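# Fold and contact review
Chain by chain, the residues:
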Amino acid sequence: MKIETLHQHFLESTGICTDTRKITKGCIFIALKGDNFNGNKFTHEALKKGAYKVIIDEIGYHKNTGETILCADSLTLLQKLAGYHRSYLNIPIIALTGSNGKTTTKELINAILSESFNTVATKGNLNNHIGVPLTLLSMDTSTELGIVEMGANHIGEIAQLCKIANPDYGYITNFGKAHLEGFGSMEGVIQGKTELYKHLKANNKSVFINNNDQLQILNSKDIQKIVFGKNDGDYLIQLKEASSKLLVHFEGIDMQSNLIGLYNFHNIAAAIAIGAFFKVSSEKIKHAIEALVPDNNRSQLIEQGTNKIILDAYNANPTSMMAALENFAQSEGTPKILFLGDMFEVGADALKEHQAIVDFIETSIFEKVFLIGKTFSKTSGKNVSIVRFESFEAVSEALKTSSIMNSYLLIKASRGMALERILPLL
């Protein structure tokens, strides 16, 4: 089937679905395959639940009634359909990637731009080779701006996502020690992330650059830029207060964010600059910044009983972990207690990177430190305030006989550790 014909079917449908548990009447179900599932097996169920068409890539599930569309590879067809739909809409697309802060920055950008435009942004962190196409296909003719988050853990992935989304603007939050297992090194991280820059340069498009970040400046030479940060940029955004929630200043207006941590200032500044570039008024930018409340375990400030807690358990890598610790060490509030869980996908240097975190903690003043996970439990040190647990179950048992009150806590780990489970134990 020609992509033009399939796209017409798509326009006549109620949208795309890849999970039969979420089938809506009149949708197109695309049968994707993975290591532990085969969507083709759900063809009959999808049709029974009201799917308009089902795209399959195994002939054994094909029906000659016109309800099924057989292709060579369902995922490839999903990506081609998304790329065609993006061209059909022909709207500005902002793409962002980076090692840390992608989702927070995306939420900030969307909050600001949606004050003046009908926007569609990546939901959650659906930022991979499936999530990006689904984001594009969730846009329609009423969409005025698209915001697409792009994640990657190997070289070549951002380039592939750029081919699908064909962005007009791009922003890289930073380069950090994330997904080192896939990228191999910091050099690999930079090579992978700057595939966004290469795409934008090749297509004569523009990038937003934080001119406080020398690595971004160095890697974005000869590309059209919109610059924010210092006085010599297009947009000057200043940090006024960072001891608790961030207070920023732009065009004569103070904006009180609900985000915490100095590391979030650059995320806020990028979103303000992008909003200003698209002519969102300073008053509307202020409203969006102050209305956005973090959730999903991302830099959440929680008051529970007599304790104040920073819950940042959505993800972690050596760069984001160190930034969170440095910020926490300098912030107001005592006594300070840490709950840190393993950082995943760090690669061959996993123990070395975890030990570097412990070495920093050894020289800092924390009342108590709970290190949780198979890698953290292998680290060493002399600080008696640091206790190690190989599993969550082990620390859970220990907390049954200890009481934490009137304290300031940081909880941070990779998503797989699910350290938000600590909260009900305190």
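Let me begin by describing the structure that accompanies this report. All figures in this text were calculated on a predicted structure; none of them were measured in a lab.

### Here we look at the layout of surface pockets
By volume, the second largest pocket is sized at about 620 Å³. If you trace the second largest pocket, you find 20 residues lining it, with Thr18, Lys22, Leu126, Ile130 and Leu134 closest to the centre. Looking at the lining of the second largest pocket, the element that brings in the most residues is helix H5 (residues 131–137), giving four residues. Classifying every residue of the lining of the second largest pocket by side-chain character gives nine nonpolar, eight polar and three charged. Both domain 1 (3–77) and domain 2 (91–291) contribute no fewer than three residues apiece to the lining of the second largest pocket.

### Let's talk about the packing of aromatic side chains
Applying the stated criterion across every chain, the model contains 11 aromatic pairs. For the ring pair Tyr169 and Phe208, a centre distance of 6.0 Å and an interplane angle of 40° mean the geometry is tilted. Within this pair, whereas Tyr169 is found in strand S8 (residues 169–172), its partner Phe208 is found in strand S9 (residues 206–210), the two being separated by 39 residues in sequence. You'll find Tyr169 and Phe208 in the same group, each marked buried. A centroid spacing of 4.9 Å and a plane angle of 50° characterise the contact between Phe328 and Tyr408, whose relative ring orientation is tilted. On the criterion of sequence distance, the pair formed by Phe328 in helix H13 (residues 318–330) and Tyr408 in strand S20 (residues 408–412) is long-range, its members being 80 residues apart. Taken as a pair, Phe328 and Tyr408 share a single burial class, namely buried. Site record: aromatic cluster; members linked through ring pairs are Phe117, Tyr169, Phe208, Phe277 and Phe278. The aromatic ring of Tyr408 is capped on one face by Lys308, whose charged end is 4.6 Å from the ring centroid.

Parameters at a glance
Residues numbered from 1 in each chain as written. Predicted model: local features only at pLDDT ≥ 70, side-chain atom pairs only at ≥ 80, totals over all residues. Heavy atoms only, no water. 1 Å grid on protein atoms, 1.4 Å probe; cavity = no way out; pocket = protein on both sides within 12 Å on 5 of 7 lines; lining within 4 Å. Points joined across faces, edges and corners; volume = space filled by probe spheres on them. Helix = DSSP H or I, 4+ residues; strand = E, 2+ residues; numbered from the N terminus. Nonpolar A, V, L, I, M, F, W, Y, C, P; charged D, E, K, R; others polar. Domains from an automatic or database assignment. Phe/Tyr/Trp six-rings, centres within 6.5 Å; stacked < 30°, edge-to-face > 60°. Buried < 20%, exposed > 50% of the residue type's maximum accessible area, 1.4 Å probe, protein only. Lys NZ or Arg CZ within 6 Å of the ring centre and 35° of its normal.

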